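Residue-level structural notes
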Amino acid sequence: GQQVMQIPQYQHVQEGEDFTTYCNSSTTLSNIQWYKQRPGGHPVFLIQLVKSGEVKKQKRLTFQFGEAKKNSSLHITATQTTDVGTYFCAEANGSSNTGKLIFGQGTTLQVKP
Amino acid sequence: EPEVTQTPSHQVTQMGQEVILRCVPISNHLYFYWYRQILGQKVEFLVSFYNNEISEKSEIFDDQFSVERPDGSNFTLKIRSTKLEDSAMYFCASSVNRVNGQPQHFGDGTRLSIL
């Protein structure tokens, strides 16, 4: 079935350091969405990428979609303790058209103050 | 900002018992979903629901599971005879439509513990 692979599983950084999580698929992705889940919380939508090579920024967060639409990345510049949480990529719909999200395994970010 | 609300926040049930998890999606949303997340793992799709019927279900969503929108506001997930492996966080989500680009709004979840 559809699978979205995400690495690394965990990342510990010192506050102020950068952080990147990567999402990969063996098949072409129709789109990629990114969600953040704070500890004990629920996934919260961050952004969606649809076009090949697309780059979007939200303050210190930079999201990229690969040229072949098989990979995506989320980069956080100068992490803060408020960035702590698990970041998930997800493909919406995929081979179906029902809106379902296929999530990657997530990258859990810990930030040491 | 409108929210998806879920009740209860925590449900403890004996194995073999039936449970009903409740959700109130955002009022103008038309597409509804259930996901589950086993502790420390990824979020897994269970079922999508539109126009009072299931539009897609995953392999996890077997005959023990059912969904219903009984009154136009609530959206429920029923597990008929719970198993130990059903222990997980269950999230309800809704979206305005299913077109690519529509974010899904998640509730706070129900933590289901099967004893």
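First, a word on what this report is: a plain description of the structure on this page. Each chain carries its own residue numbering, running from 1 in the written order of its sequence. Chains carry letters and ligands carry numbers; both start at the beginning, A for chains and 1 for ligands, and go up in the order they are written. For a predicted model such as this one, the threshold for reporting local features is a pLDDT of at least 70, and the threshold for listing and counting side-chain atom pairs is 80 or more; totals across whole chains, interfaces and linings nevertheless cover every residue. Hydrogens are left out, water is left out, and the side-chain values use all remaining heavy atoms of the structure.

1. Quick word on the overall build of chain A
Counting its regular elements, chain A contains zero helices and eleven strands. Under the scheme used here, helices are H or I runs from DSSP no shorter than 4 residues and strands are E runs no shorter than 2 residues, and both carry numbers assigned from the N terminus. Going from N to C terminus, chain A has its helices and strands arranged as β-β-β-β-β-β-β-β-β-β-β. Since a compact globule built from 113 residues should have a radius of gyration of about 13 Å, the 14 Å found for chain A is in line with a globular shape. Seen along its three principal axes, the alpha-carbon backbone of chain A occupies a region of about 45 × 30 × 20 Å. Radius of gyration: over C-alpha atoms. The globule rule applied is 2.2 Å multiplied by the number of residues raised to the 0.38 power.

2. Things to note about the state of the cysteines
Cysteine sulfur atoms are paired as a disulfide whenever they fall within 2.5 Å. One pass over the full model with this rule turns up two disulfides over all chains. Here Cys23(A) engages in a disulfide with Cys89(A); their sulfurs sit 1.9 Å apart. Where Cys23(A) bonds to Cys89(A) through sulfur, the torsion about that S-S bond is close to 75°, and the disulfide is right-handed. In this pair, Cys23(A) is assigned in strand 3 (residues 19-24) and Cys89(A) in strand 9 (residues 85-92), connecting sequence segments 66 residues apart. Exposure is judged per residue with a 1.4 Å probe applied to protein chains only, and the accessible area is read against the type maximum: over 50% gives exposed, under 20% gives buried, and values in between give partly exposed. In this structure Cys89(A) comes out as buried when scored by relative accessible area, which is 0%. Between the sulfur atoms of Cys23(B) and its disulfide mate Cys92(B) the distance is 1.9 Å. The sign of the S-S torsion, about -65°, decides the handedness of the disulfide formed by Cys23(B) and Cys92(B): left-handed. Here Cys92(B) lies in strand 9 (residues 88-95) and Cys23(B) lies in strand 3 (residues 19-24), a separation of 69 residues in the sequence. Neither Cys23(B) nor Cys92(B) differs from the other in exposure class; each is buried.

3. Thoughts on the sheet that holds strand 1 (residues 5-7) of chain A
Residue and element names in this part refer to chain A. Paired strands, as defined in this entry, are two strands with at least two bridges between them according to DSSP. Here five strands make up an open sheet; going across it, the order is 1-3-8-7-6 and the pairing antiparallel. What marks the edges here is a single partner per strand, and that holds for strand 1 and strand 6 (55-58). The average undirected angle you get between the axes of adjacent strands in this sheet is 15°. As judged from the five bridges shared by strand 7 (residues 61-65) and strand 8 (residues 71-76), these two strands associate in the antiparallel manner. Bridged to Gln64 within strand 8 is Ser73. Lines fitted to the C-alpha atoms define the axes, with helices restricted to the stretch that makes contact. Angles between their N-to-C directions range from 0 to 180 degrees.

4. As for the pattern of salt bridges
A side chain with one charge may pair with a side chain of the opposite charge, provided their charged atoms come close. All names here are of chain A. Just to be clear on terms, a salt bridge is a Lys or Arg side-chain nitrogen sitting within 4 Å of an Asp or Glu carboxyl oxygen. One pass over the structure, following the stated rule, counts five salt bridges over all chains. Asp83 is the partner of Arg60 in a salt bridge, and the nearest nitrogen-oxygen pair spans 2.9 Å. Of this pair, Arg60 sits in the loop between strand 6 and strand 7 while Asp83 sits in the loop between strand 8 and strand 9; the two residues are 23 residues apart in sequence, bridging distant segments of the chain.

5. So, the interface of chain B and chain A
It is common to report an interface's size as the accessible area lost on association of the parts. Contacts between chain B and chain A engage 21 residues on the former and 22 residues on the latter. As used here, buried area is the combined drop in accessible area, with a 1.4 Å probe, of two parts when they are placed together. Between chain B and chain A, roughly 1800 Å² of surface is buried when both sides are summed, and carbon and sulfur atoms account for 50% of that area. Joining chain B to chain A, the criterion identifies one salt bridge. One salt bridge connects Glu56(B) with Lys100(A), and the closest N-O pair in it is separated by 2.7 Å. Throughout this description, a polar contact denotes any pair of N or O atoms lying within 3.5 Å of each other; where both atoms belong to protein, one of them has to be capable of donating a hydrogen while the other can accept it, and for residues adjacent in sequence the pair is counted only when both atoms sit in side chains. Connecting chain B to chain A are nine residue pairs in polar contact (both at pLDDT 80 or more). For the side of chain B that touches chain A, the secondary-structure elements that each account for two or more residues are strand 4 (31-37), strand 5 (44-50) and strand 6 (53-57) of chain B. For this classification, the nonpolar set comprises Ala, Val, Leu, Ile, Met, Phe, Trp, Tyr, Cys and Pro, the charged set comprises Asp, Glu, Lys and Arg, and every other residue, Gly included, is treated as polar. Considered class by class, the residues forming the side of chain B that touches chain A number eight nonpolar, nine polar and four charged. Contacts are assigned to residue pairs that have any heavy atoms within 4.5 Å of one another.

6. Considering the pairing of strand 8 of chain A
All names here are of chain A. Bridge count for strand 3 against strand 8 is six bridges, and the pairing is antiparallel. Bridging across to strand 8, Asn24 finds its partner in Asn71. Counted along the chain from strand 7 to the antiparallel partner strand 8, the turn is five residues long, and its residue Lys69 has a positive phi close to 55°.

Geometric descriptors of this kind do not, in isolation, establish any biological role.
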